[in-house]
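# Summary of structural features
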Amino acid sequence: MITAKQTLIHQLWLRLTHWLNALAMLIMVTSGWRIYNASPLFNFSFINELTLGGWLGGALQWHFAGMWLFGINGLCYLLINLFSGRFKRQFWPLSPKKFVTDLWAALRGKLSHADRRHYNMVQRVAYLVAIVVSVLMVLSGLVLWKSVQFPLLRTLLGGYDAARYVHFFAMTALVGFVVIHLVMVALVPRTLLAMLRGR
């Protein structure tokens, strides 16, 4: 008989892609902040001690390395989710009414986490938004990296300068997602154990 303690919550492939994605995002965000500092979009810059690369050239090298890890790992995550049927099982259906109910419960600290194998409606929406924002970040990043090679994509994003803003705000949204994610992990620490050991 399989007990609740023995029940697998996260498969190995999911845990691997999760932690590789965390590493890739850490590399890309911190190196991206150093790149941003070389040509800011707004009247502020990021603290150098929080950036990666040491200088613009070094930051670009780190960013490109992180880009490949983020892109390949993200593609593997999406394909396995789609072909295994996990995407449909975990993220659908969506219910606006249930989202509002779950969000209100979460804000009051009363959202149930009894079954960690299934996402509540707030988690479903948050993860789906994070996936869409990640794709947008990759697409805008391609325009910034190889603008001449992706003229249609550059046009769809409103041009090179507009793509910089899209990339920046996509990064900001992902960092916001990570911050909320970490807060939730701190409130429900057993979710971290599940992502480390699967159970």
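Residues numbered from 1 in each chain as written. Predicted model: local features only at pLDDT ≥ 70, side-chain atom pairs only at ≥ 80, totals over all residues. Heavy atoms only, no water.

## Examining the pattern of salt bridges
A side chain with one charge can pair with a side chain of the opposite charge if their charged atoms come near. Definition in use: Any carboxyl oxygen of Asp or Glu within 4 Å of a side-chain nitrogen of Lys or Arg constitutes a salt bridge here. The helix count covers DSSP runs of H or I at least four residues long, the strand count covers runs of E at least two residues long, and both are numbered beginning at the N terminus. When a residue's accessible area, from a 1.4 Å probe over protein chains only, is under 20% of the maximum for its type it is buried; when over 50% it is exposed; and in between it is partly exposed.
On inspection of all chains with the given rule, the structure shows one salt bridge. Where Asp102 meets Lys98, a salt bridge forms, and the shortest distance between an N and an O atom there is 2.8 Å. Of the two residues, Asp102 and Lys98 both sit in helix H4 (residues 96-107), four residues apart, roughly one turn of that helix. Here Asp102 falls in the buried class, since its relative accessible area comes to 6%.

## Topic: the packing of aromatic side chains
What counts is decided by this rule: Two rings belonging to Phe, Tyr or Trp (six-membered ring only in the last case) form a pair when the distance between their centres is within 6.5 Å. Interplanar angles under 30 degrees mark stacking, angles over 60 mark edge-to-face geometry, and anything in between is tilted. Two conditions define a charge located above a ring, namely a distance within 6 Å from the ring centre to NZ of Lys or CZ of Arg, and an angle within 35 degrees of the ring normal.
Throughout the structure, instances matching the rule amount to 20 aromatic pairs. On the numbers, 5.2 Å between centres and 70° between planes, the contact of Tyr36 with Phe46 is edge-to-face. Of this pair, Tyr36 sits in helix H1 (residues 12-38) while Phe46 sits in the loop between H1 and helix H2 (56-84); the two residues are 10 residues apart in sequence, bridging distant segments of the chain. Accessibility classification places Tyr36 together with Phe46 in one group, the buried group. Between Tyr119 and Tyr127, the ring centres sit 4.9 Å apart and the planes meet at 35°, which makes this aromatic pair tilted. Given a relative accessible area of 12%, Tyr119 falls into the buried group. Among the aromatic residues, ring-to-ring pairing joins Trp33, Tyr36, Phe42, Phe44, Phe46, Tyr165, Phe168 and Phe169 into one connected group. A cation over an aromatic ring shows up here: Lys146 above the ring of Trp145, its NZ or CZ 5.2 Å from the ring centre.

## Examining helix H7 (residues 160-187)
Owing to its 3.6 residues per turn, the α-helix brings residues three or four apart onto one side. Applied cut-off: In this analysis, the expected span of each helix is defined as 1.5 Å times one less than the number of residues it contains. Contacts are assigned to residue pairs that have any heavy atoms within 4.5 Å of one another.
Helix length check: H7 (28 residues) gives 41 Å between terminal C-alpha atoms against 40 Å at 1.5 Å per residue, within 8%. Within the span of H7, buried status applies to Ala163, His167, Phe168, Ala170, Met171, Leu174 and Val185. In this structure, the buried residues of H7 make contact with H1, H2, helix H5 (121-145) and helix H8 (190-197).

## Describing unusual backbone geometry
Leaving glycine out, the prevailing phi sign among residues is negative, and the prevailing peptide bond configuration is trans. Across the junction of Trp92 and Pro93, the peptide omega takes the value -5°, indicating a cis bond. Inspection of the secondary structure assignment puts Pro93 in the loop between helix H3 (86-91) and H4.

## Some words on the UniProt feature "transmembrane region" (unreviewed entry) in the protein chain
For clarity, the cut-off: UniProt positions are given in the numbering used here, feature names are shortened, and annotations may be inferred rather than shown by experiment.
Per the UniProt record, "transmembrane region" (unreviewed entry) is annotated on residues 12-36, 60-80, 125-145 and 165-189. Along residues 12-36, the helical share is 100% and the strand share 0%, with 35 Å between the first and last C-alpha atoms. Taken end to end, residues 125-145 comprises 100% helix and 0% strand; its first and last C-alpha atoms sit 30 Å apart.

## Thoughts on the layout of surface pockets
Keep this limit in mind: Within this scheme a cavity is a closed region of a 1 Å grid, computed over the protein atoms alone, that accommodates a 1.4 Å probe without allowing it to escape, whereas a pocket is open but has protein on both sides within 12 Å along at least five of seven lines; lining residues each have an atom within 4 Å of a point. Grid points are joined across faces, edges and corners, and a volume is the space filled by probe spheres set on the points. Residue classes follow a fixed rule: Ala, Val, Leu, Ile, Met, Phe, Trp, Tyr, Cys and Pro count as nonpolar, while Asp, Glu, Lys and Arg count as charged, and any other residue, Gly among them, counts as polar.
There is about 760 Å³ of room inside the second largest pocket. If you list the elements that add at least two residues to the lining of the second largest pocket, you get H1, H2, H5 and H7. The dominant element in the lining of the second largest pocket, judged by the number of residues it contributes, is H2, at nine residues. Split by residue class, the lining of the second largest pocket holds 22 nonpolar, six polar and one charged.

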